[in-house]
Amino acid sequence: MSMRAIASLTVCAAAFAGVCQAQVNLTAETASPGGPAHFSISHLAQVSAEADVADLQVLEGQTLTNSLLNVANGNSDIAAVPLILPFLMSRNLGPYAGLDEGAGAKLVQNVRLLYPYNFGGHGLWGYATSGITSYGELEGKTVLNGPPQGGALTSARQYLTAITGLEEGQGYNGVQVNWGQMATATMDGTADMNLLPMSFPDPDVTAAASAGSVVIVSMPKETWESEDFQRLASSPGRSPILLSEGALGYGANESVSLVSSDGNFRSIAIGAADIVRADLDEELVYAMVTEYAKTVEELKSRAPFLRSSGIGILDEALTPVCGPNPLKYHLGAVRAWEDAGFTIPECAKP
């Protein structure tokens with residue numbers, strides 16, 4: 001039985017299209033609970049069900065590299081993905097290097113955007129007892145840098161090499177665990193430091209701080225401001241981050257401190273999006289995204305870090321949805337957002 005056959009979705013689009021559609025089968029894939037990807041997909045499922053638009057079965061704890069493939073191949077219907085992945089797929093790079101020549105570019109055409117957000121930024125952090133207060137001190141150390149495969153791991157490796165010149169397995173030891181084990185691994189001393197997607201505030205950092213003092217290490221200002229790094233920060237699926245210590249979201253009573261030359265945290269934002277099969281019914285997509293757009297503020301209130309996750313921000317200058325990103329919005333999503341008063345960049349319209 002295919003993944004699509006394990007979930008049922010009953011759709012009545014009378015309020016949107018004047019017709020009631022027949023029952024169809026859908027799945028929605030997302031990451032483990034606790035982050036923006038899980039909150040976003042779960043919210044889409046909830047508001048769609050509450051409005052009698054759709055019932056989605058959410059498959060959580062998925063490797064999002066595979067989720068993109070599942071949607072592109074028509075084996076799943078909706079998924080959360082880092083926005084670097086469609087670019088890599090379109091060029092048979094990274095985790096998609098094993099695809100047949102030209103296959104990635106064709107597969108990406110089967111996928112459309114519902115809306116963007118972000119996974120926060122890559123952050124280097126760990127217990128203060130490690131004694132590590134700079135990227136330059138990671139040589140020979142063990143760094144927890146993501147799951148065994150996927151966009152987060154690829155980005156972390158690139159990020160660390162760009163800052164330090166160190167390569168995994170040569171300059172430092174990389175260790176990976178599945179997303180479902182990540183919270184435990186960051187608390188139990190699996191690595192000297194963690195280099196992972198970080199929200200503001202981050203639930204894993206808060207949990208670790210309950211067991212001991214935690215330091216978050218900003219990348220060096222001079223490196224962040226360099227032409228080479230700004231080029232990396234503006235590459236597919238990314239954008240630069242500059243936040244004051246107060247904007248990181250930790251209270252004065254929490255055992256979390258920032259190590260920075262000027263009190264600012266510098267990193268790269270990890271662009272993300274919820275995507276859908278390109279051939280999914282336009283009226284269905286319109287109905288679901290209409291409910292999501294109406295409840296953006298409700299979604300952002302569900303966790304402190306969601307207010308800094310770019311939810312409901314569609315501007316071209318603030319999201320990596322154009323340029324080298326090959327994905328376009330689903331036409332149903334374009335209509336829904338524009339009817340809700342938002343502006344969709346022309347470069348991202350189908």
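Conventions used here
Residues numbered from 1 in each chain as written. Predicted model: local features only at pLDDT ≥ 70, side-chain atom pairs only at ≥ 80, totals over all residues. Heavy atoms only, no water. Buried < 20%, exposed > 50% of the residue type's maximum accessible area, 1.4 Å probe, protein only. Helix = DSSP H or I, 4+ residues; strand = E, 2+ residues; numbered from the N terminus. Pairing = 2+ DSSP bridges. Axes fitted to C-alpha atoms, helices over the stretch in contact; angles between N-to-C directions. Left-handed = near helix turned anticlockwise from the far one by under 90°. Contact = heavy atoms within 4.5 Å. Nonpolar A, V, L, I, M, F, W, Y, C, P; charged D, E, K, R; others polar. 1 Å grid on protein atoms, 1.4 Å probe; cavity = no way out; pocket = protein on both sides within 12 Å on 5 of 7 lines; lining within 4 Å. Points joined across faces, edges and corners; volume = space filled by probe spheres on them.

1. Concerning the pairing of strand E3 (residues 78-82)
In summary, the side chains of a regular strand alternate between the two faces of the sheet.
Stage number 1. Extensive coverage of E3 is indicated by the burial of five of its five residues.
Stage number 2. In terms of strand pairing, strand E1 (residues 27-29) meets E3 through two bridges, oriented parallel. Across the sheet, the residue bridging to Ala28 is Ile78, located in E3.

2. Thoughts on the packing of helix H11 (residues 282-294) against helix H13 (residues 331-339)
Stage number 1. Put simply, H11 and H13 touch, their axes get as near as 7 Å, and they point 35 degrees apart. Here H11 runs over H13; the crossing is right-handed. Of the residues in H13, those in contact with Glu282, Glu283, Val285, Tyr286, Val289, Thr290, Tyr292 and Ala293 of H11 are Leu331, Gly332, Ala333, Arg335, Ala336, Trp337 and Asp339.
Stage number 2. Residues belonging to the contact of H11 with H13 are distributed by class as follows: nine nonpolar, two polar and four charged.

3. Things to note about empty space enclosed by the protein
Stage number 1. As enumerated under the stated definition, the model contains one cavity of 30 Å³ or more in all.
Stage number 2. Estimates place the volume of the largest cavity at around 40 Å³.
Stage number 3. Top element by residues in the lining of the largest cavity is strand E11 (residues 264-277). It accounts for four residues.
Stage number 4. Of the residues in the lining of the largest cavity, the class split is six nonpolar, four polar and one charged.

4. As for the layout of surface pockets
Stage number 1. Of the voids in this model, the largest pocket is the one considered here, and its volume is about 620 Å³.
Stage number 2. Surrounding the largest pocket, 34 residues form its lining, Ala31, Ser32, Gly35, Trp179 and Pro197 being those nearest its centre.
Stage number 3. Among the secondary structure elements, those contributing two or more residues to the lining of the largest pocket are helix H2 (36-50), helix H3 (64-72), strand E4 (111-127), helix H6 (151-164), helix H7 (179-187), strand E7 (193-198) and helix H8 (203-209).
Stage number 4. Here the lining of the largest pocket takes four residues from H7, the largest share from any one element.
Stage number 5. Its residues placed into classes, the lining of the largest pocket shows 19 nonpolar, 13 polar and two charged.
Stage number 6. Quantified by volume, the second largest pocket comes out at close to 370 Å³.
Stage number 7. The wall of the second largest pocket is formed by 20 residues, among which Asn118, Ser239, Ile241, Ala269 and Leu318 lie closest to the centre.
Stage number 8. If you list the elements that add at least two residues to the lining of the second largest pocket, you get E4, strand E9 (238-244) and E11.
Stage number 9. In terms of residue count, the dominant contributor to the lining of the second largest pocket is E9 (five residues).

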